[in-house]
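A closer look at the structure
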Amino acid sequence: MKQDMSVSLQDVVVRRRGKIVLGPITLDLPNAGFTMVLGPNGAGKTTLLKVLHGVERTSSGWMSWSVPSQTARDGQAYVFQSPIMLRRSVRANLAYPLQLLGLDKADISARVTKWAVRIGLSAALYFPALSLSGGEQQKLALARALIRRPNTLFLDEPCANLDGSSIREIEEILREAVQAGAQIIMTTHDLGQARRLADHVVFLNKGQIEEQASATAFFDAPGSVGASAFLNGDIVE
Amino acid sequence: MIEIWAGIAEAFRLIWSLDEDLIDITVRSLKVSLTALVIASTLALPLGTWLAIHRFSYRRFTISVLNALMGLPPVVVGLIVYMLLSRSGPFGVMGLLFTPTAMIIAQVIIISPLIASITHQAMRELWFEYHDLLISLNTTKRQRVGALIWDGRRTLLTAALAGFGRAIGEVGAIMIVGGNIDQVTRVLTTAIALETGKGDFALALGLGFILITLSLLVNLTIHALSRTESEGRW
């Protein structure tokens, strides 16, 4: 049974070298299956994801999860835009998060085998992860995140630069994760993908939340000028 | 040129005849240098890795000092260790001067900064690559150091081999603290220095060739054991 992992941000600001890159943001994110964070380049999407994941320090404001913060942190996983591969085999990459959790070898082995089959890399289990193609590395990064059975999964442009079949496979895996009860918060530049997957949308522009709505409401009748322009394919400044 | 050929011939003769003195000197050289390497690696590999991931005041200064220590003149190290271990020194009571242990101590001091510095350099790059992932996985500092050492082990092997190269070829410090005593502290390098001084160039060259061969063999063996080039891109 997955826990309800809603999160609230109150007046959160992130500054880098004296410049505000995010905020002030006040946001209540429900446990809504797929939450898409949309916005133009430099809007602060990745920063928001990192703040929510707790790996980016906020300059001011506060954030609280519906569960104790350590429980929230333990139940999270993050997939980066450029997959970070450990310089190990595919198998060792998949096993590492489970070893950190202290699972026994039999359980680790069973989960690794299951996920290797799921992402189509069972024949490459003992290959160096760095020898895989970009799409395969991204699938491996996703499997390495999901193998821990997280409550909340953060994805930063997981399908950037991938071909159609890889995108389809990744979306399928993500849908399964949501059906299993995981909450996914992801950024994407691909509006088609956002329409296919999103349950809830947060639209960011210049570090501020311009709009937050259900996916249907957002795509059918965007409530802000910036979001309308973004959906029309105009340049949003 | 003739002397070089004579040296090669002497090297073959010594090896072929399994010269007792040669075996004794070679085994001692390996024992001293490998022991120093193991001790120095145990200290320097975690230190270099820790310096790569830990932020603290005077970190840059510490790294600069470490880099500067790479260039420590062995003769000065030998002199200091000699003074510390001599009868009038603070550790004189231990009676370590002119023993292989004194030679090991000197070699550890000489090669530790070299291994730590190369390790720091390599681990800094790996940490840059792994930083976000390991933080995201909620790893402890100990687990991060462990992951970096394990995944950077081949680079660390290079650092250790650089240390071994310096240790096995070292002569100044171990001459001072070991005293080049026959069958006690004589090693390949000090034997070469001695034979050169006596004018026996053929024997000195022969020992020199054996030293080079030994160094190559140790390097190749370690590389083979760790399968450095056989596991694709790491």
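How each quantity is defined
Residues numbered from 1 in each chain as written. Chains lettered and ligands numbered in written order. Predicted model: local features only at pLDDT ≥ 70, side-chain atom pairs only at ≥ 80, totals over all residues. Helix = DSSP H or I, 4+ residues; strand = E, 2+ residues; numbered from the N terminus. Buried ≥ 20, exposed ≤ 12 C-beta atoms within 10 Å, placed from the backbone. Contact = placed C-beta atoms within 7 Å. Expected span 1.5 Å × (residues − 1). Bend = angle between axes of the 7 residues up to and from the residue. Pairing = 2+ DSSP bridges. Axes fitted to C-alpha atoms, helices over the stretch in contact; angles between N-to-C directions. Parallel < 35°, antiparallel > 145°, perpendicular 65-115°, else oblique. Left-handed = near helix turned anticlockwise from the far one by under 90°. Nonpolar A, V, L, I, M, F, W, Y, C, P; charged D, E, K, R; others polar. UniProt positions renumbered as here; feature names shortened; annotations may be inferred. pLDDT = per-residue confidence, 0-100.

In the nomenclature of an unreviewed UniProt entry, chain A corresponds to ABC transporter, ATP-binding cassette protein from the organism Planktomarina temperata RCA23.

The subject of this paragraph is the overall build of chain B. Across its full length, chain B holds ten helices and zero strands. Reading chain B from its N terminus to its C terminus gives the helix and strand order α-α-α-α-α-α-α-α-α-α. Taking the principal axes of the C-alpha coordinates as reference, chain B spans close to 65 × 50 × 30 Å. Taking all 234 residues of chain B together, the buried fraction comes to 38%. Taking all contacts inside chain B whose residues are at least 6 apart in sequence as the whole, residues at least 24 apart take part in 78%.

Looking now at helix 2 (residues 20-53) of chain B. Here helix 2 of chain B is 34 residues long and its end C-alpha atoms lie 49 Å apart, about the 50 Å a rise of 1.5 Å per residue gives. Along helix 2 of chain B, the sharpest change in direction is near 30° and occurs at B:Ser41.

Attention now goes to the sheet that holds strand 1 (residues 7-16) of chain A. Residues and elements named next belong to chain A. Strand order in the open sheet made by the three strands is 2-1-4, with antiparallel pairing throughout. At either end of the open sheet lies a strand with only one pairing partner, and these are strand 2 (19-29) and strand 4 (60-65). For this sheet, the mean angle separating the axes of adjacent strands, direction not counted, is 20°. The pairing of strand 1 with strand 4 spans five bridges and is classified as antiparallel.

Residue and element names in this part refer to chain A. Where helix 3 (residues 90-101) contacts helix 4 (residues 105-118), the axes come no closer than 9 Å and their chain directions differ by 130°. The angle between the axes of helix 3 and helix 4 places the two elements in the oblique class. The hand of the helix 3/helix 4 crossing is right-handed. When helix 3 is examined against helix 4, the residues Val-90, Arg-91, Leu-94, Ala-95, Leu-98 and Gln-99 are found in contact with a partner set consisting of Ile-108, Arg-111, Val-112, Trp-115 and Ala-116. Residue composition of the contact of helix 3 with helix 4, grouped by class: eight nonpolar, one polar and two charged.

The subject of this paragraph is helix 3 of chain A. All names here are of chain A. Every buried residue of helix 3 is listed here: Val-90, Arg-91, Asn-93, Leu-94, Ala-95, Tyr-96 and Pro-97. Against the buried residues of helix 3 lie helix 4 and helix 5 (134-146). Where helix 3 ends, the next residue or the one after it, Gly-102, has phi of about 80°, a positive value.

Facing the 15 residues of chain A at the interface are 15 residues of chain B. Those elements that place two or more of their residues in the side of chain A that touches chain B are helix 2 (69-74) and helix 3 of chain A. When the residues that make up the side of chain A that touches chain B are grouped by side-chain class, the tally is nine nonpolar, two polar and four charged.

Residues annotated in UniProt with the feature "domain: ABC transporter" (unreviewed entry) correspond here to residues 7-231 of chain A. Measuring from the first to the last C-alpha atom of residues 7-231 of chain A gives 27 Å, for a span that is 40% helix and 26% strand.

Glancing now at the packing of helix 5 (residues 100-136) of chain B against helix 7 (residues 153-168) of chain B. All names here are of chain B. Across the interface, helix 5 lies against helix 7 with an axial gap of 9 Å and an inter-helix angle of 155°. Judged by the inter-axis angle, helix 5 sits roughly antiparallel to helix 7. Note on packing geometry: the crossing formed by helix 5 with helix 7 is right-handed. Residue-level contacts link Gln-107, Ile-110, Ile-111, Leu-114, Ile-115, Ile-118, Thr-119 and Ala-122 of helix 5 to Thr-155, Leu-156, Ala-159, Ala-160, Ala-162, Gly-163, Arg-166 and Ala-167 of helix 7. Among the residues forming the contact of helix 5 with helix 7, the class breakdown is eleven nonpolar, four polar and one charged.

On to the sheet that holds strand 9 (residues 208-214) of chain A. All names here are of chain A. The six strands lie next to each other as 5-6-7-3-8-9, forming an open sheet whose pairing is mixed. With partners counted over all chains shown, the strands left at the sheet margins are strand 5 (76-79) and strand 9, one partner each. Recorded for the sheet is a direction-independent mean angle of 15° between the axes of neighbouring strands. As defined by bridge partners, strand 6 (residues 152-156) adjoins strand 7 (residues 183-187) across five bridges and the pair is classed as parallel. Opposite Leu-153, over in strand 7, you have Ile-184 as the bridge partner. Strands strand 5 and strand 6 of the sheet are contacted by helix 5, whose axis makes an angle of about 175° with strand 5.

So, on to the confidence of the model for chain B. Detailed reading of the predicted coordinates is not advisable wherever pLDDT falls low. For chain B, the mean per-residue pLDDT works out to 89, and 96% of the residues sit at or above 70. Across the predicted assembly, pTM comes out at 0.78 and ipTM at 0.87.

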